[in-house]
Amino acid sequence: MKNDGFTFRKRMKSFRYAFRGIYLLVRYEHNAWIHCAITACVLAAGFLAGLSRTEWVAICLCIGMVFAAEALNSSIEALADRVSPAYDEAIRRTKDLAAGAVLILAIASAAIGLLIFIPKLY
Ligand SMILES: Nc1ncnc2c1ncn2[C@@H]1O[C@H](COP(=O)(O)OP(=O)(O)OP(=O)(O)O)[C@@H](O)[C@H]1O
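Within every chain, residues take consecutive numbers counted from 1 along the sequence as written. Local features in a predicted model are, by the rule used here, given only for residues with pLDDT of at least 70; side-chain atom pairs are given and counted only at 80 or more, and totals for whole chains, interfaces and linings are based on all residues.

Caption draft 1: The arrangement of the overall build of the chain in detail. When you go through the chain residue by residue, the secondary structure sums to four helices and zero strands. For a compact globule of 122 residues, the expected C-alpha radius of gyration is about 14 Å, and the chain comes in at 18 Å, more than 25% above that figure. Considered along the principal axes of its C-alpha atoms, the chain spans approximately 55 × 45 × 20 Å. Remark: C-beta atoms are placed from the backbone, and a residue is labelled buried if 20 or more other C-beta atoms sit within 10 Å of its own, exposed if 12 or fewer do, or partly exposed between those counts. Relative to its full complement of 122 residues, the chain shows a buried share of 11%. This entry defines residue contacts through backbone-placed C-beta atoms, with two residues in contact when those atoms are within 7 Å. Intrachain contacts of the chain at a sequence separation of at least 6 include 70% that bridge at least 24 residues. Helix and strand assignments come from DSSP, with helices taken as H or I runs of at least 4 residues and strands as E runs of at least 2, each series counted from the N terminus. We compute the radius of gyration over the C-alpha atoms and compare it with the globule rule, which gives 2.2 Å times the number of residues raised to the power 0.38.

Caption draft 2: Seen up close, the site of the ligand. Close to the ligand lie His30, Asn31, Glu77, Ser84, Tyr87, Asp88, Ile91, Arg92, Lys95, Asp96 and Ala99, which account for all nearby residues. Listing elements by their share of the shell around the ligand, those giving two or more residues are helix 2 (30-49) and helix 4 (89-121). In this classification, the charged set is Asp, Glu, Lys and Arg, the nonpolar set is Ala, Val, Leu, Ile, Met, Phe, Trp, Tyr, Cys and Pro, and all remaining amino acids, among them Gly, are polar. Its residues assigned to classes, the shell around the ligand comprises three nonpolar, three polar and five charged. Whether a residue is near a molecule or strand depends on its C-beta atom, generated from backbone atoms, being within 6 Å of that molecule or strand.

Caption draft 3: How the structure looks around helix 2. Multiplying 1.5 Å by the helix residue count minus one yields the expected span of that helix. For helix 2, spanning 20 residues, the distance from its first C-alpha to its last is 29 Å, which sits close to the expected 28 Å at 1.5 Å a residue. Where helix 2 ends, the next residue or the one after it, Gly50, has phi of about 60 degrees, a positive value.

Caption draft 4: Inspection of helix 4 at higher detail. A rise of 1.5 Å per residue sets the reference length of helix 4, with its 33 residues, at 48 Å; its end C-alpha atoms lie 47 Å apart and thus fit the reference within 8%. Looking at helix 4, one finds that the buried residues are Val102, Ser109 and Ile116. The inward-facing, buried residues of helix 4 contact helix 3 (53-83).

Caption draft 5: Quick peek at the confidence of the model for the chain. The share of residues in the chain with pLDDT of 70 or more is 98%, and the mean pLDDT across the chain is 96. Confidence estimates for the predicted assembly give a pTM of 0.92 and an ipTM of 0.92. pLDDT is a residue-level measure of predictor confidence that goes from 0 to 100.

Caption draft 6: Region of the structure containing the packing of helix 3 against helix 4. Axis separation between helix 3 and helix 4 bottoms out at 9 Å; the angle between their running directions is 170 degrees. Compared by their axis directions, helix 3 and helix 4 come out roughly antiparallel. The two elements helix 3 and helix 4 cross, and the hand of that crossing is left-handed. Lines fitted to C-alpha atoms define the axes here, with helix axes fitted over just the stretch in contact, and angles between the N-to-C directions of these axes take values from 0 to 180 degrees. In these notes the angle categories are as follows: under 35 degrees is roughly parallel, over 145 is roughly antiparallel, 65 to 115 is roughly perpendicular, and the rest is oblique. Take the far helix as the reference: if the near one is turned anticlockwise from it by less than a right angle, the crossing is left-handed, and if turned clockwise, right-handed.

Caption draft 7: How the structure looks around the nonpolar core. In this structure, Ile59, Cys62, Val66, Phe67, Ala69, Val102 and Ile116 together form the largest nonpolar core, which totals seven residues. Counting only elements with at least two residues in this core, the list comes to helix 3 and helix 4. If one sorts the elements of this core by residue count, helix 3 sits on top with five residues. Apart from residues no more than four positions distant in its own chain, Cys62 is found in contact with Ser109, Ile112 and Gly113. We define the nonpolar core as any set of buried residues of the types Ala, Val, Leu, Ile, Met, Phe, Trp, Tyr and Cys, connected via C-beta atoms lying within 7 Å of each other.

Here's what the structure looks like:
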């Protein structure tokens, strides 16, 4: 896109587009529904367990990173479907790598969640 100067109005518009991206993610992406359900459970458990400020920072980072990765994965999938609806080995690799990125963050987040919550059970 051409760079034709900074205006507050244009910045507001790009915020609107970004919020639309979040809406699309939460409205249409089934994996994001699972993330939402897990997020709700983690937030409820966090309030019940009385997490410390640092623990909340870790939880917020995990939630944010997983949602952001899912949004990027969904955008890559959408672009890939547009570029090549037919079977294509490069598309397969691209989609699998993007999905792998989400999984890596989900596993790391689950590990962090366990490290935070398991000691609270005792
Ligand atoms: N055009 C294609 N060419 C080759 N392989 C593909 C293609 N489209 C999808 N795949 C393979 O199928 C898998 C699932 O792709 P799909 O687009 O259905 O994502 P998905 O599993 O539905 O993801 P999500 O659940 O996030 O929507 C990909 O990870 C890839 O391995």
